[in-house]
Amino acid sequence: MTLVATFVSAHGQALLDDGLLARLRAAAPAPATIERLDGEIAADLFAEADDARKLEATLREALAGASVDIIVQPAATRRKRLFLADMDSTMIGQECIDELAAYVGLKEKVSDITERAMRGELEFEPALRERVGLLKGIALGVVDEIIEKSITLTPGGSALVRTMRAHGGYTALVSGGFTVFTGPISRTIGFDEHRSNILLSEGDLLSGVVAEPILGKQAKLDALIELRIRFGLPDEATLAVGDGANDLAMLGEAGLGVAYRAKPAVAAAADARLDHADLTALLYAQGYRGDEIVKAE
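Residues numbered from 1 in each chain as written. Predicted model: local features only at pLDDT ≥ 70, side-chain atom pairs only at ≥ 80, totals over all residues. Heavy atoms only, no water.

Chemist: Help me get a handle on the pattern of salt bridges, residues and values and all.
Modeler: If you walk through the whole model with that rule in mind, you get 20 salt bridges. A salt bridge links arginine 165 to aspartate 192; its shortest N-O distance comes to 3.0 Å. With arginine 165 in helix 8 (residues 157-166) and aspartate 192 in the loop between helix 9 (179-189) and strand 7 (193-197), this residue pair connects regions lying 27 residues apart in the sequence. By relative accessible area, aspartate 192 is classed as partly exposed at 29%. One salt bridge in this structure joins glutamate 226 and arginine 195, with 2.9 Å as the shortest N-O distance. Here glutamate 226 is found in helix 10 (residues 217-230), whereas its partner arginine 195 is found in strand 7, with 31 residues between them in sequence. (Salt bridge = Lys/Arg side-chain N within 4 Å of Asp/Glu carboxyl O. Helix = DSSP H or I, 4+ residues; strand = E, 2+ residues; numbered from the N terminus. Buried < 20%, exposed > 50% of the residue type's maximum accessible area, 1.4 Å probe, protein only.)

Chemist: Any chance you could break down the sheet that holds strand 6 (residues 170-178) for me, citing the residues and the numbers?
Modeler: With respect to topology, 6 strands assemble into an open sheet ordered 7-6-5-10-11-12, the strand pairing being parallel. Of all strands in the sheet, those bounded by a partner on one side alone are strand 7 and strand 12 (272-274). Adjacent strand axes in the sheet meet at a mean angle of 20°, parallel and antiparallel pairs treated alike. Sheet analysis places strand 5 (residues 82-85) next to strand 10 (residues 238-242), joined by 4 bridges and oriented parallel. Paired with alanine 85 across the bridge in strand 10 is valine 241. In this fold helix 9 packs onto strand 6 and strand 7, with an angle of close to 150° to the strand it touches most, strand 6. (Pairing = 2+ DSSP bridges. Axes fitted to C-alpha atoms, helices over the stretch in contact; angles between N-to-C directions. Contact = heavy atoms within 4.5 Å.)

Written out as structure tokens, the structure reads:
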């Protein structure tokens, strides 16, 4: 089987010089070939091998600690047609519920619960109910201010979504967060659709209750399966990215499940992980070249 190992430099860096690529080719099963995707930013290595994990381990050792990410997969099925993404700490740099909690002086307490839930130490649904209960009385109007002043988009995310859509792919933002955030954020990034939880309110104030059923681990998995069936796609045509324990089922079901700056258990379980590169790495992994990437508006 022909495997392709895609190497992507850390965000803002160009690390794949001729010397490093030669070292990687020498470490791979012969004969291996190298193709540059975007100068010294991204490159592919093609090799004949049966075990993607074994090849990844060999090539990761050859990287010798360089700030370069590696994604290994079958070359024949690398191009994806369905993309699902987590939002908090994946497509954006923050946890929206933590930013809401900051308005009532509870960010530290809520952040601790969030972190434990994302590591898989707490069940997601009860942890979400507990955190939402602490938000009772917050004015809904602060959401727009949070999005404007506190939320940062993950580099490469909009280019990833818009490039896949330009080539016929379908994209969905599936979050354990809230529609008041996923709605505007998904439109800004360019997703086809978004799915998340609904914060209930009394007048213009949060009631401290989230609508049931809660969109969590199972709902993310169900969304992937539903969309895959809707578009008549094989398993291998799907791509998913996330960072927390509630993403694990979705990542495991996807043809390529990628952990982004993820908790250790998630990074270990996913098909691939991004520790250094931005989200354009998921375009290079599909074989897109630098000049094919649709720039964010």
